[in-house]
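Tertiary structure, described
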Amino acid sequence: MSRYLLQRLLGFVFVVLAVSFITFFLMWKTPGGPFDETNMPLEPVAKANMIAKYGLDQPFYVQWAKYMIAAVHGDFGYSYKYPGQKVTDLFFKYWPNSLLLGGLAVLWSFPLGAVLGIVAALHRNQLLDQIITVFALVTVTLPSFALAFFALAIFAVDLRWFPYGGWNPSGNPKTLVLPVIIFGLGTVGSLARYMRHGMLDVLGQDYIRTARAKGVSRAKVIVKHAMRNMLVPIVTIFGPVLTNAITGSAFVEQWFVIPGIGHFYLDSITNRDYPVIMASVLIIAVILTLTYLLTDIAYTILDPRIRLT
Amino acid sequence: MATVNLARTQKKAAPTEYKVLSPFYLAWRRFRKNKLAILGGVIVFLFLFTGVFAPIISPYPFDKTSIYTFAPPGTLPGHLLGTDDAGRDFLSRLIWGANTSLIVGVTSMTFALLVGIVLGFLAAWYKGTIDFVVNRMLEIVGSMPGLLFQILIMTMIGNGTLNVTFAIAILSWPGMVRLVRAQVLSYKDREFVEASRSLGANTRFIALRHILPNIINPILVSIAFGIPGFMVAEAGLSFLGYGINDPTPSWGKMLGNAGQYVQSFVYLGAYPTALLMIVFIGFSFFGDGVRDALDPSSERTG
Amino acid sequence: MSSSVTRKISKTVVTRRQMLKVLGATGATAALVACGATPTPAPTTAPAATNTSAPAATDTSAPAATATTAATDTPAAPAATDTPAATATAAAAANSGGKVLPADAAPPDQQVYLLSGAAGPGTDGQITGSVYNRSGLADVYAVPLTRINHDFEMVPGAASTWSVSADGLTWTFKLRNDLPWSDGSGNLNADDFIATMQHMADPAVAYDFTWYWDKGTGNIKNFGEVVAKKATMDQLGVNKTDDYTLIMETSVPTPYMPRLTIYYMPFNAKALAAATAAAPNKDPKIGAQYITDPAKCVSCGQFLVKNWSPTRFEAVINTKAAPDIMPFLERVIFVPYQNAFQAYQAGQIDNVGIGSAADIETVLNSPTLSKDATPDVGDFRTDYFFFDVLQKPYDNLKFRQALAHLLDRENIVKNIVKPILGRPAYGFLAPGFPASNEEALKDIQAYNPDMAKQLYQQSGLKVTNLTIIYRNDNPPYNAICSTYADAIKTNLGINVDVKAMDGKTFTADTLATPSIPFGCVSYGMDYLDPSNMLGVFKGNKLGGRHTWNDKQYQDLLAKAGPMSQEPERTQLYQQAEKILTESCAFVWIYHRTPVNLWKPYLKGPGFLPGKVNTNPGWAWPANAGFTPYFSSMYITSEVAAAKRTIP
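Residues numbered from 1 in each chain as written. Chains lettered and ligands numbered in written order. Predicted model: local features only at pLDDT ≥ 70, side-chain atom pairs only at ≥ 80, totals over all residues. Heavy atoms only, no water.

**Quick notes on the overall build of chain B**
- Helix and strand counts for chain B come out as 13 helices and zero strands.
- For chain B, the α and β elements follow one another from N to C terminus as α-α-α-α-α-α-α-α-α-α-α-α-α.
- C-alpha extents for chain B along the principal axes are approximately 70 × 60 × 35 Å.
- In chain B, which comprises 302 residues, the proportion classed as buried is 52%.
- Summed over all atoms, the accessible surface of chain B reaches about 13,700 Å², with 68% contributed by carbon and sulfur.
- Counting 24 positive and 16 negative side-chain charges, chain B places the averaged centre of each group 9 Å from the other. (Helix = DSSP H or I, 4+ residues; strand = E, 2+ residues; numbered from the N terminus. Buried < 20%, exposed > 50% of the residue type's maximum accessible area, 1.4 Å probe, protein only. Areas by Shrake-Rupley, 256 points an atom, 1.4 Å probe, with all protein chains shown as cover. Lys, Arg positive; Asp, Glu negative; His and termini not counted. Charge placed at Lys NZ, Arg CZ, Asp CG, Glu CD.)

**Digging into a nonpolar patch on the surface**
All names here are of chain B.
- Together, Y25, W28, I38, V42, F45, L46, F49, V52, F53, I56 and I57 make up an exposed nonpolar region whose accessible area comes to about 1,000 Å².
- Of all the secondary-structure elements, those providing two or more residues to the nonpolar patch are α3 (23-33) and α4 (35-57).
- It is α4 that provides the largest number of residues to the nonpolar patch, a total of nine residues.
- Structurally, V42 is set in helix α4.
- What makes V42 partly exposed here is its relative accessible area of 43%. (Patch = residues over 30% accessible without salt bridge, like charges linked within 9 Å, V, L, I, M, F, W, Y side chains within 5 Å. Salt bridge = Lys/Arg side-chain N within 4 Å of Asp/Glu carboxyl O.)

**Focus: the sheet that holds strand β11 (residues 351-354) of chain C**
Residues and elements named next belong to chain C.
- Taken together, three strands build an open sheet; the order of strands is β11-β19-β12 and the sheet is antiparallel. Looking at the sheet topology across the chains shown, the edges are occupied by β11 and β12 (373-375). Recorded for the sheet is a direction-independent mean angle of 25° between the axes of neighbouring strands.
- In the sheet, β12 pairs with strand β19 (residues 595-598) via three bridges, with the strands oriented antiparallel. Paired with A373 across the two strands is L597, which belongs to β19. (Pairing = 2+ DSSP bridges. Axes fitted to C-alpha atoms, helices over the stretch in contact; angles between N-to-C directions.)

**So, the interface of chain C and chain A**
- Between chain C and chain A, the residue contacts involve 55 residues of the former and 43 residues of the latter.
- Contact between chain C and chain A buries roughly 4,200 Å² in total, counting both sides, with carbon and sulfur atoms accounting for 57%.
- Considering only the surface of chain C that becomes buried against chain A, Q338(C), Q342(C) and K504(C) emerge as the three largest contributors, covering 17% of it.
- If you look at where chain C meets chain A, you find 10 residue pairs in polar contact (both at pLDDT 80 or more).
- Mapped by element, the contributors of at least two residues to the side of chain C that touches chain A are α8 (210-213), α12 (284-287), α13 (340-345), α21 (503-511) and α22 (530-535) of chain C.
- Among the elements that make up the side of chain C that touches chain A, the one with the highest residue count is α21(C) (six residues).
- Of the residues assigned to the side of chain C that touches chain A, the class counts are 25 nonpolar, 19 polar and 11 charged. (Contact = heavy atoms within 4.5 Å. Buried area = accessible area lost by both parts, 1.4 Å probe. Polar contact = N/O pair within 3.5 Å; in protein donor to acceptor, adjacent residues only side chain to side chain. Nonpolar A, V, L, I, M, F, W, Y, C, P; charged D, E, K, R; others polar.)

**Looking at the pairing of strand β6 (residues 238-242) of chain C**
Residue and element names in this part refer to chain C.
- One ladder, built from four bridges, connects β6 with strand β7 (residues 245-249); its direction is antiparallel. Note that in β7 the partner of D242 across the bridge is T245.
- Where β6 folds back onto β7 in an antiparallel hairpin, the turn is made up of two residues.

**Focus on the interface of chain C and chain B**
- Taken together, the contacts link 29 residues of chain C with 20 residues of chain B.
- Both sides of the chain C and chain B interface together cover about 2,200 Å² of buried area, and 41% of this is carbon and sulfur.
- Applying the counting rule to chain C against chain B returns two salt bridges.
- For K64(B), the salt bridge identified is with D486(C), shortest N-O distance 3.4 Å.
- The interface formed by chain C and chain B holds eight residue pairs in polar contact (both at pLDDT 80 or more) in total.
- When contributions to the side of chain C that touches chain B are tallied by element, the ones reaching two or more residues are α13, α14 (357-365), α17 (409-417), α20 (477-492) and β16 (495-501) of chain C.
- The element that contributes the greatest number of residues to the side of chain C that touches chain B is α20(C), accounting for seven residues.
- Its residues placed into classes, the side of chain C that touches chain B shows 10 nonpolar, 11 polar and eight charged.

The structure is reproduced here in structure tokens:
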């Protein structure tokens, strides 16, 4: 186990370095910079001052190395767009919003999706199954941006049941309702589909048939045998669902103007806010890698046949 | 009931039947019975047909503008679905949108397939260093936030059909590599492979004649699910403004562009959304059907 | 550059709706309404000449006297309007600043002005980081040196009077001595202005708006040298003779200096120094952010920063403000919304600008919304195509002319932009802008496919493919460029691709060599003088935007800039604009005329019809913080019926 963890840790360091290097390279190659020439070109001297101020006059691998060394020490630099604000401060100002949005969405959508999927599997090819399947597909495919638009037009503008955007978790919890529902819908659909498939797989296994043949009741088979074996697929899907929740949905955040990570990141690309882009990618990469690791460890606990090697 | 059973037994008893039934025929028989799968198949076929023959069936060129802008469906003779913000025939643009989606979806899929099969096979077959390298590559790409990286890439290389395909394809292959690798690993040490090897077959022969036919089913299924996934990725990027160039239409771009008009001219956003959904659902039904058909074990339950 | 705000006068409601109907129908009327204060609809240039170049001219030719007149008689208007209101009833409530609300005002807790917008990087960030990057309402935490009113006339700000020396090189601004800073550190004085200008010139701060004060625009002595580290800070041409007399020296006469100084927003010198000293490594670029932190906010303007978060930007009344600038409003709240028009309909904001043809359709079809709508001239923005004249095939004049004659502006405005939101452009300067000369330029780039075909033949070129690249910041560009592309394909048989590009990449590629060969972009004014708008085209060798470097044009601009005699100055600019248009290096598309919706419960002198914006409504620039009107607008009791929700 400890050797395995060490190995994974080394892999993790390597992955993070590689991802950061690729990101830095892409950023460096992207035209434009953290200065604004939208209306009038910058004066050459002024531009030179800005480039010097941001340290962009050095070769890119030097910039990258400097950034990474500082990052290891917890210093992700200062935002270009928000001068004087530490990237880490900004990040922790934005991230809780994504966490809240994603967390609440997972809280209602994960159980619902799982139940729907299992119910569908148990009623395979019956009307209920088909209704659930179609519902799941519609929620998966309906783009959240389209959904957001129509939901706002109906429930905020016409009916005025909910506020129009204006994310404000502490002051007005009503502002959370629409985004949480819309963000969760996609999860419901994909989870229902996934769970239906997983359940059918389990139900098709020999031990289930054996149990049934032994005369164990259907309900008992489902609860005692099938459900237990569903834990592995649940863990498998929970990883991506969780990371999705943690890293936020750029679309929902964009449309409801929620200052979350997705929104933050899109903004930082538009603004060429290099330290923020780097920090976002690094932090998300770390989260994703850790989730994979935790998922793998969870497998060994749930299914003794799986070994960490 | 009894008679039916009897008839079946009798049929099965006929020895000639066994020779005729190839695995694919059996699969087709199972597929045929699945109504949703058939529906999905029809949708997929219509989509492919529309996409391929867009130049022939589209009533107008997709870039032909006119002074009749914002005509809702049915209000302008000769334009069944009306016109868009530049007075272009909306039906023609929707038809051409299928063409764009098809190009992006199929090209990305081809890329993913090629990389997936080659890397997945190499990693599983030779293990060791190659496997190590491939695994690290998988981890790296897996740790990149997909949409965010695609946007970064698009910002760097600029919009365009080829570029958006590139941005999608470059991050699209890990799933396929994992799949192929796992499949090859599970077949590699089977008896028939050993046997073939002991008879002196070379790696290429084994790969093409023995491994590939056995792993083709899950690959087919993942193609059926992958293509609409790539189409939606393109739609999302185009929606955010990083996608296809004008005047080439794409459903995602039409939807993104309609955002500003949606309150007054709902049809501009509704049709592309609906099409995107229908095609996605069609592919899903089709993919589910293909999977169930190719995997008889799943039929045992119910 | 423009942003937001509201309107009034219930009598005008009906007429405005009728007017909107008319405007919706004909583009020509829109042109007239937007440009002419004068009842005579005849020459479009006349009002322009009177309202703009005149003050500029008087500023210099007869220094002290006229400048003072301009400075003293204009502010009378707003003052006159708010006094009767304020004194109307003794029973009316006073707000927390002790200012008595007008009789028809809503109670103080409803004196909240709601807007859509994100908190920018900082209120001072507008000046030190980037001018274009600033928050809405960045200009209400201090008093700018000068202000502009809704007739685009200069009125006093921190300076009560100003004058220029006989040689036109030295400006003397007499500052008010009664504008206290909210931290009790004293009154706004010349040191604050000097520290601010030094901050902007500081190479370590690396300010991006240096061109504004440097040679060619502001011409402040040694500004460019300090930026380039070739001169020391004490050589900068901004000084004082006493605490309330600011001296600005320029290297060449700059008659429009008072127009520039509306953006001269002072910092508190002591707070700035303290924040810089407290910053890590005493980094001035970090210390400058002193005002974004509500705890450290120091203001001598109408408001103080209260909340500065990604979801909310809130300013509250500065109860220590000088009595004459004390606002009626208790708070101004910005919340970012994806679609402000929907937020407006949901009753969550008080003003919204309409930019899309579809939204204007919704407005015109709605009895309630159309009552709230007012067209205005915005920031005189003109959208145009440009060519990189150094690249083939665009180096061929005949080819450029052929393309120019293929743009069907009338159709584009009528069917894509919608007449109420724009006017076909035949020149760069929109009607109403000083030196605008549309009529005389009408034929140069007129839509004429036959002539275009001939010209293409004469050019001797065989072109197969072109790409138009547009900056994706204006929704109709997609349709406009596609229509243009189709016209080129139909008439010349050239395939044209249309490509959207994000702002930063577009700008970088436009300014690069070689530049974007065929692009589509816009420009709106920074200050109301032809030297600003036409300066965009002075060529990249002189710091302009594009690769068209025309000697004759450059000479005309250089000659006209420091001049003060009229009408000679205007004539020079008109001559220059003609050369510019004839070059066909640029193809004018349309002048934007934005429509703003104002909730009916907003009132104040800023909402009265003016000479440039003849419709009632608080049009830009009047609604910006650097105008006098933020002190005099208020929310009327009608707000109760609107069921407004304060977020």
